[in-house]
Amino acid sequence: MFQKILIANRGEIALRVLRACKELGIQTVVVHSTADADAMHVRLADESVCIGPPPSRDSYLNIHQIVAACEITGADAVHPGYGFLSENAKFADILVAHNITFIGPSGDHIRIMGDKIEAKRTAKRLGIPVVPGSDGAVTDEKEAKRIAAEIGYPVIIKASAGGGGRGMKVALTEADLEIALQTARSEAGAAFGDDAVYIEKYLQKPRHIEVQVFGDGFGRGVHFGERDCSLQRRHQKVWEEANSPALNAEERSRIGGICAKAIADLGYSGAGTIEFLYENGEFYFIEMNTRLQVEHPVTEAITGIDLVHEQIRVASGGGLSVRQEDIKFNGHAIECRINAEDPRTFTPSPGTITHFHTPGGLGIRVDSGVYSGYKIPPYYDSLIGKLIVHGRNRVECMMRLRRALDEFVVDGIKTTLPLFRDLVGNADIANGDYDIHWLEKYLAKEE
Ligand code: ADP
């Protein structure tokens, strides 16, 4: 087992990883920018190293500084959290070259899944159902038209290097295709330095359902069920649940089994998420994330298994603590992402939190790095906390969520808490009856 883990992240996820390390009796080092000197994870860590000024590229994305911090402190492993360097293959490779363990999959697996065209090809080869579309990158308009005609409109043009919902354009008819192709390519080039794009069928009313998988490092794969992340705004997840209200146990074990087998065949090691769109009973692979996800706590709630513990175990060569047959799904869990944003316009609302009070009681978990008097720096994403609620079934979970949202107090800044208070009282949400467009339509109506 590791002696000392360096946590290369900030905010709630840095604290989340720190807690797992403490439980496992592992020493912790955190790195932080000058803007985060007062952060909770910095206060609670055994050691901390300031690695640079506020902008991420000079601090949390600065590989050189992070490796230096490992060497100075003698850390033998790095947990990257999510975002920042968590899906940076070069970072994983550099750590290995320095004899430091990257708590995550191999650089090669990160590379394959980071290139969405390559990822889709790999998924298909591994027997995972994919969205019908082009086999690889599409460059000329003629080819694009041919493929689109074959799969049928509407189609979506997506950037191979895309992420965070950027670099996607929908073409409803052939007349839109040329302009969609051009804009997608130029946006992808500008945003990612890679203008490769591909085409796939645009699904009209799908749900976003993702499967949590793990490779144990010895060639075995397991799944931890699915999460439904259909409630999105601008392709960003807002509310996540496990299990999905749309799946039954048979569908769950079928898609879970396909994913677990794929992970084993790939020889993948560590945590991963295979993301699908789900429509009319069919799953369509869209991408795989080779890291821990923001929404992992809903899976922890229904399985009772600490996924960060498992990540650390696998990375240290100790394998998983559970086999597939040990993983049981109990009850229902929902996560609300609480952002420091105006709940109507979603513009960021940094500033000082004058008062912070979190709900408690049975089935309530709050993952947050903020506290009363904390000043939210304007440099990073606006997630300030996650409320995760568990109940024996979805009805109980919703009742508990409503109560927890009422108890939650964040003063001094604007947050998205009021949005969740509205959602929890909505009939469609109560019925689990929503697709990936539901939230956008709801917000447009509210305006
Ligand atoms: P990113 O890596 O940028 O998050 P994804 O491929 O995961 O991109 O897609 C993000 C979101 O975009 C999905 O959750 C879904 O809302 C929408 N989307 C992607 N592909 C399609 C598609 N083929 N049809 C309909 N919606 C899609």
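It should be emphasised that the depicted structure is a prediction, and the values quoted were computed from it without experimental measurement.

Caption draft 1: Spotlight on the side chain of R10. Note on placement: R10 falls in the loop between strand 1 (4-7) and helix 1 (11-23). Classification of R10 as buried rests on a relative accessible area of 13%. For R10, the side chain forms a polar contact with the side chain of D36, separated by 2.7 Å. Residues within four places of R10 in sequence aside, it is in contact with D36, H41, Y60, F84, Y374, P377 and Y380.

Caption draft 2: Just empty space enclosed by the protein, in detail. On inspection of all chains with the given rule, the structure shows four cavities of 30 Å³ or more. In this structure, the largest cavity spans a volume of roughly 160 Å³. Taken together, 16 residues make up the lining of the largest cavity; nearest its centre are R10, G11, V370, Y374 and L383. Across the lining of the largest cavity, the residue classes tally to nine nonpolar, three polar and four charged. Taken domain by domain, the makeup of the lining of the largest cavity includes at least three residues from each of domain 1 (4-103) and domain 3 (207-446). Reported here for the second largest cavity is a volume of approximately 50 Å³. Taken together, I103, G104, S269, G270, A271, Q311, V314 and A315 make up the lining of the second largest cavity.

Caption draft 3: View of the UniProt feature "domain: Biotin carboxylation" (unreviewed entry) in the chain. Per the UniProt record, the feature "domain: Biotin carboxylation" (unreviewed entry) sits at residues 1-444. Each end of residues 1-444 is marked by a C-alpha atom, and these two atoms are 51 Å apart; helix forms 35% of the span and strand 26%.

Caption draft 4: View of the sheet that holds strand 8 (residues 197-201). Overall, antiparallel pairing links the three strands, which are arranged 7-6-8 in an open sheet. Each edge of the open sheet carries a strand with a single partner, namely strand 7 (168-171) and strand 8. Adjacent strand axes in the sheet meet at a mean angle of 25° when their direction is disregarded. With four bridges joining them, strand 6 (residues 155-159) and strand 7 adopt antiparallel strand pairing. When the bridges of strand 7 are listed, V155 appears paired with A171. Across the sheet, helix 7 (residues 141-151) touches strand 6 and strand 8, and the angle it forms with strand 8 is around 20°. Each of strand 6, strand 7 and strand 8 is contacted by helix 8 (residues 174-192), which is oriented at about 180° to strand 7, the strand it contacts most.

Caption draft 5: Looking closely at the UniProt feature "domain: ATP-grasp" (unreviewed entry) in the chain. In this numbering, the UniProt entry assigns the feature "domain: ATP-grasp" (unreviewed entry) to residues 120-316. Secondary structure across residues 120-316 comprises 36% helix and 32% strand; the distance between its end C-alpha atoms is 29 Å.

Caption draft 6: Here's a closer look at the layout of surface pockets. In this model, the second largest pocket occupies a volume close to 240 Å³. In this structure, the second largest pocket is lined by 14 residues; those nearest its centre are P343, R344, F346, L443 and E447. For the lining of the second largest pocket, the secondary structure elements donating two or more residues are helix 13 (417-423) and helix 15 (438-446). The element that contributes the greatest number of residues to the lining of the second largest pocket is helix 15, accounting for five residues. For the lining of the second largest pocket, the per-class residue count stands at seven nonpolar, no polar and seven charged.

Caption draft 7: Region of the structure containing the sheet that holds strand 19 (residues 383-391). Read across the open sheet, the eight strands follow the order 13-12-9-10-11-14-19-17; overall the sheet is antiparallel. On the outer flanks of this sheet lie strand 13 (282-289) and strand 17 (364-367), each paired with one strand and no other. Each strand of the sheet is rotated relative to its neighbour by a mean of 25°, with strand direction disregarded. Sheet topology note: the strand 9 (residues 207-216)/strand 10 (residues 221-233) ladder contains six bridges and is antiparallel. Within the sheet, the bridge partner assigned to F214 lies in strand 10 and is V222.

Caption draft 8: Molecular detail of the domain arrangement of the chain. The assigned domain composition of the chain is domain 1 (4-103), domain 2 (132-201) and domain 3 (207-446). The C-alpha-based centres of domain 1 and domain 3 are spaced at 23 Å. At the junction of the two partners, domain 1 supplies 34 residues and domain 3 supplies 28 residues. Taken over both partners, the interface formed by domain 1 and domain 3 buries close to 2,300 Å², and the fraction arising from carbon and sulfur atoms is 59%. Taken as a group, E12, R16 and Y82 account for 28% of the area that domain 1 buries against domain 3, more than any other trio of residues on that side. At the boundary of domain 1 with domain 3, the tally comes to four salt bridges. Here R291 makes a salt bridge to E87, at a shortest N to O gap of 2.9 Å. If you look at where domain 1 meets domain 3, you find 12 residue pairs in polar contact (both at pLDDT 80 or more).

Caption draft 9: Structural detail: helix 5 (residues 107-114). What helix 5 keeps buried is the set G107, H109, I110 and M113. The buried side chains of helix 5 occupy one side of the element, clustering within an arc of 165° when seen end-on. Tucked inside the fold, the buried residues of helix 5 contact helix 4 (89-97), strand 5 (101-102), helix 6 (116-125), helix 9 (249-266) and strand 13.

Caption draft 10: Quick peek at the site of the ligand. In the vicinity of the ligand there are 20 residues, among which K116, K158, G165, K201 and E287 approach most closely. One of the side-chain nitrogen or oxygen atoms of E200 is found 3.1 Å away from a nitrogen atom of the ligand. At a separation of 2.7 Å, an oxygen atom of the ligand approaches a polar side-chain atom of E287. Contact with the protein chains covers 96% of the free accessible surface of the ligand, which is 550 Å².

Caption draft 11: Here's a closer look at the environment of T345. Position of T345 relative to the elements: it lies in the loop between strand 14 (332-339) and strand 15 (351-352). Assessed through its relative accessible area of 46%, T345 is described here as partly exposed. Between the alpha carbons of T345 and L443 there is a distance of 9.6 Å; along the sequence they are 98 residues apart. A polar atom in the side chain of T345 sits 2.9 Å from the side chain of T347.

Cut-offs used in this document
Residues numbered from 1 in each chain as written. Predicted model: local features only at pLDDT ≥ 70, side-chain atom pairs only at ≥ 80, totals over all residues. Heavy atoms only, no water. Helix = DSSP H or I, 4+ residues; strand = E, 2+ residues; numbered from the N terminus. Buried < 20%, exposed > 50% of the residue type's maximum accessible area, 1.4 Å probe, protein only. Polar contact = N/O pair within 3.5 Å; in protein donor to acceptor, adjacent residues only side chain to side chain. Contact = heavy atoms within 4.5 Å. 1 Å grid on protein atoms, 1.4 Å probe; cavity = no way out; pocket = protein on both sides within 12 Å on 5 of 7 lines; lining within 4 Å. Points joined across faces, edges and corners; volume = space filled by probe spheres on them. Nonpolar A, V, L, I, M, F, W, Y, C, P; charged D, E, K, R; others polar. Domains from an automatic or database assignment. UniProt positions renumbered as here; feature names shortened; annotations may be inferred. Pairing = 2+ DSSP bridges. Axes fitted to C-alpha atoms, helices over the stretch in contact; angles between N-to-C directions. Buried area = accessible area lost by both parts, 1.4 Å probe. Salt bridge = Lys/Arg side-chain N within 4 Å of Asp/Glu carboxyl O. Arc of directions from axis to C-beta. Near = heavy atom within 4 Å. Areas by Shrake-Rupley, 256 points an atom, 1.4 Å probe, with all protein chains shown as cover.

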